[in-house]
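Residue strings, one per chain:
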Amino acid sequence: MSQLFSVAKIGELELENRIVIAPMCQYSADAGCASSWHRIHLGSLALSGAGLLILEATAVEAAGRISPGDLGLWDDKTEAALHSVLSDIRAWSPIRLGIQLGHAGRKASCRAPWQGGHQLPESEGGWQTVAPSALSFAEQDHAPTALDEAGLARIKQAFVDSAQRAVRLGIELIEIHAAHGYLLHQFLSPLSNQRQDQYGGSLENRLRFPLKVFAAVRAAVPASIPVGVRLSASDWVEGGWDVEQSIVFSQQLEAQGCDYVHVSSGGLSPQQSITVGPGYQLPFARDIRQQVKIPVIGVGLITDPQQAEAVVEQGDADLVALGRAVLYNPHWPWQAAAALNAQVKVPSQYLRSEPHGVKGTLV
């Protein structure tokens, strides 16, 4: 029996298989509002047969967007727009839906990747960014404003408010984004956090604000809704955030009721030096998994069904997340089921699509 296609649980949420579609920014919202692109894009992925679909990084306030095109969930208008998209998806797909809530911090106010990805000046529609310390991501970027206590309180409440809006929308899982160099990761890393107060310096202090945000969100939503964290296990820069610190962070999250960790890496510094290859981030997931009892989601150039099966069989991770691979091939789980002699649920309208030789994998 395929382990990849076995039932899994994250908190109280049961998944039909261990394939997760990772959050992937689309830069196609209108002032934070989900657009017709999201209806098409998410609608396609909702028919993939994956056990869980996590919506892209969704800003908890307008200033927290990576780009002007980022999805948001900070007011009634953005909530209503996302409700419209999710209602159409729910009419045709029972897939489990999660959402990643985040704040870009100093990496906000940027052009979309296909527009170069560089920071937008205020004269071209950009905005003043914020961060733990007044240190820019790139040398040419305008320096962020260091957050004061009032700013920290505002952002923590914004995470709570967005999480509660997500629950109203019927979202079944909430992921807090503390990876890829965005605001909460900026607090974790000594490279970006050079504060002299209770939120900077020692590891205990650098963990403080991300843990406060997690605790506030966990307390604000029902126990039946799993709350997890996406983290970068390494900055890939000497003297930066690393897997040993990630283990401590994961253990403290677990102690506060975190339901899972989703392990990625990098994104904090242009100085990062990463050797990329198939499954290159899985050693981080394995190291963390050995030190916690909650489920660990592994990600990173996982493209082949047998490779994904081995991730679960060998104990590298409890679940496997796909990003670019499932954008390129939205029916990847269908083909994985055929390759692994498993079954996957698909819309009745597509049941007759099975090619000869793999009959019985689509149900």
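All values derive from a computational prediction rather than experimental measurement.

Got a minute to help me understand the overall build of the protein in this structure?
Along the protein, the regular secondary structure elements total 10 helices and 12 strands. Over its C-alpha trace the protein gives a radius of gyration of 20 Å, about what one expects of a compact globule, namely 21 Å for 363 residues. On the principal axes, the C-alpha backbone points of the protein span a range of 65 × 40 × 40 Å. Counting every position in the protein, which comprises 363 residues, the buried fraction comes to 59%. Sequence separation of at least 24 residues holds for 69% of the intrachain contacts in the protein that already meet a minimum separation of 6. A total of about 14,800 Å² of accessible surface is found on the protein, and carbon and sulfur atoms cover 51% of it. Each charge sign in the protein was given a centre, from 27 positive and 35 negative side chains, and these centres are 4 Å apart.

Mind showing me how you'd approach the pattern of salt bridges here?
Think of it this way: side chains of opposite charge can pair up when their charged atoms draw near. By the definition in use, this model includes 13 salt bridges. A salt bridge links Asp88 to Arg39; the shortest N-O distance between them is 2.6 Å. Here Asp88 is found in helix 2 (residues 76-92), whereas its partner Arg39 is found in helix 1 (residues 36-46), with 49 residues between them in sequence. Using a relative accessible area of 38% as the deciding quantity, one classes Asp88 as partly exposed.

Even after reading the chapter, I still don't get the side chain of His177, so can you show me in this structure?
Positionally, His177 belongs in strand 8 (residues 173-178). Look at His177 and you get buried, because its relative accessible area is 5%.

Got a minute to help me understand the pairing of strand 5 (residues 96-102) in this structure?
Side-chain direction in a regular strand flips from residue to residue, so the side chains alternate between the two faces of the sheet. The buried count for strand 5 comes to 6 of 7 residues, which makes it a mostly enclosed element. Looking at chain direction, strand 4 (residues 52-59) and strand 5 are connected through 7 bridges and run parallel. For Thr58, the partnering residue across the bridge sits in strand 5 and is Leu101. Remark: the strand 4/helix 2/strand 5 crossover connection has right-handed handedness. Relative to strand 8, strand 5 is paired through 4 bridges, and the arrangement is parallel. Its bridge partner lying in strand 8, Ile99 is registered against Ile174.

Got a minute to help me understand the packing of helix 6 (residues 243-255) against helix 7 (residues 282-289) in this structure?
A pair of packed helices can be characterised by two numbers: the angle between their axes and the separation between those axes. Helix 7 packs onto helix 6 with a crossing angle of 45 degrees between their chain directions and a minimal axis gap of 9 Å. With respect to helix 7, the element helix 6 is oriented oblique. For helix 6 against helix 7, the interelement crossing comes out right-handed. Along the contact surface, helix 6 presents Val243, Ser246, Ile247 and Ser250, while helix 7 presents Phe284, Asp287 and Ile288. Class assignment for the residues of the contact of helix 6 with helix 7 results in 4 nonpolar, 2 polar and 1 charged.

I tried to follow the nonpolar core on my own but got confused; where do I start?
The nonpolar side chains of a soluble globular protein tend to be buried with one another. Judged by nonpolar contacts, the single largest core of 87 residues is most densely connected at Phe249 and Ile288. Counting residues per element, this core draws most heavily on helix 3 (residues 149-168), at 7 residues. Ranked by size, the runner-up nonpolar core spans 14 residues in total, among them Leu52, Leu173, Tyr260 and Leu319.

It is not clear to me how the UniProt feature "domain: NADH:flavin oxidoreductase/NADH oxidase N-terminal" (unreviewed entry) in the protein should be interpreted in this structure. Could you clarify?
Here, UniProt's "domain: NADH:flavin oxidoreductase/NADH oxidase N-terminal" (unreviewed entry) annotation points to residues 4-341. This span, residues 4-341, is 34% helix and 15% strand, and a straight line between its end C-alpha atoms measures 11 Å.

I would appreciate a short explanation of unusual backbone geometry in the present structure.
The phi angle of most residues is negative, glycine excepted, and most peptide bonds adopt the trans form. Of note in the backbone geometry, Tyr27 takes a positive phi value of approximately 55 degrees without being a glycine. By the element assignment, Tyr27 lies in the loop between strand 3 (19-21) and helix 1. On the accessibility criterion, Tyr27 (19% relative accessible area) is buried. Even without being glycine, His180 reaches a positive phi, approximately 60 degrees. Here His180 is to be found in the loop between strand 8 and helix 4 (183-188).

Would you take a moment to explain the state of the cysteines for this structure?
Two cysteines, two sulfur atoms, one covalent bond between them: this is a disulfide. This structure, assessed with the given rule, holds 0 disulfides. Summary of cysteine pairing: Cys110 is not part of a disulfide, and the nearest cysteine sulfur, belonging to Cys25, is at 11 Å.

Looking at this structure, how should I read the sheet that holds strand 11 (residues 296-298)?
Pairing between the strands of a sheet is mediated by backbone hydrogen bonds and can be parallel or antiparallel. If you walk around this closed barrel you meet the 8 strands as 3-4-5-8-9-10-11-12, and the pairing is parallel. Shown here is a sheet whose adjacent strand axes are inclined to one another by a mean of 30 degrees, direction ignored. For strand 8 and strand 9 (residues 227-232), the ladder comprises 5 bridges, and the chain directions are parallel. Bridging across to strand 9, His177 finds its partner in Arg230. Sheet contacts for helix 1: strand 3 and strand 4; angle to strand 4, the most-contacted strand, approximately 155 degrees. Against the sheet, helix 2 contacts strand 4 and strand 5, and its axis sits at roughly 160 degrees relative to strand 5.

Where do I start with helix 5 (residues 203-220) in this structure?
For the α-helix, the turn length of 3.6 residues means that residues three or four positions removed from each other point alike. An ideal rise of 1.5 Å per residue puts 26 Å on 18 residues; helix 5 measures up with 26 Å between its terminal C-alpha atoms. Where helix 5 bends most, the angle comes to about 35 degrees, and this point is Phe209, followed within four residues by the proline Pro210. All of the buried residues along helix 5 are Asn205, Arg206, Leu207, Phe209, Pro210, Leu211, Val213, Phe214, Val217 and Arg218. Each element contacted by the buried residues of helix 5 is listed here: helix 3, strand 8, helix 4, strand 9 and helix 6.

Conventions and cut-offs
- Residues numbered from 1 in each chain as written.
- Predicted model: local features only at pLDDT ≥ 70, side-chain atom pairs only at ≥ 80, totals over all residues.
- Heavy atoms only, no water.
- Helix = DSSP H or I, 4+ residues; strand = E, 2+ residues; numbered from the N terminus.
- Rg over C-alpha atoms; globule rule 2.2 N^0.38 Å.
- Buried < 20%, exposed > 50% of the residue type's maximum accessible area, 1.4 Å probe, protein only.
- Contact = heavy atoms within 4.5 Å.
- Areas by Shrake-Rupley, 256 points an atom, 1.4 Å probe, with all protein chains shown as cover.
- Lys, Arg positive; Asp, Glu negative; His and termini not counted.
- Charge placed at Lys NZ, Arg CZ, Asp CG, Glu CD.
- Salt bridge = Lys/Arg side-chain N within 4 Å of Asp/Glu carboxyl O.
- Pairing = 2+ DSSP bridges.
- Right-handed = clockwise from strand over helix to strand, strands pointing away.
- Axes fitted to C-alpha atoms, helices over the stretch in contact; angles between N-to-C directions.
- Parallel < 35°, antiparallel > 145°, perpendicular 65-115°, else oblique.
- Left-handed = near helix turned anticlockwise from the far one by under 90°.
- Nonpolar A, V, L, I, M, F, W, Y, C, P; charged D, E, K, R; others polar.
- Core = buried A, V, L, I, M, F, W, Y, C linked by side-chain atoms within 4.5 Å.
- UniProt positions renumbered as here; feature names shortened; annotations may be inferred.
- Disulfide = S-S within 2.5 Å.
- Expected span 1.5 Å × (residues − 1).
- Bend = angle between axes of the 7 residues up to and from the residue.

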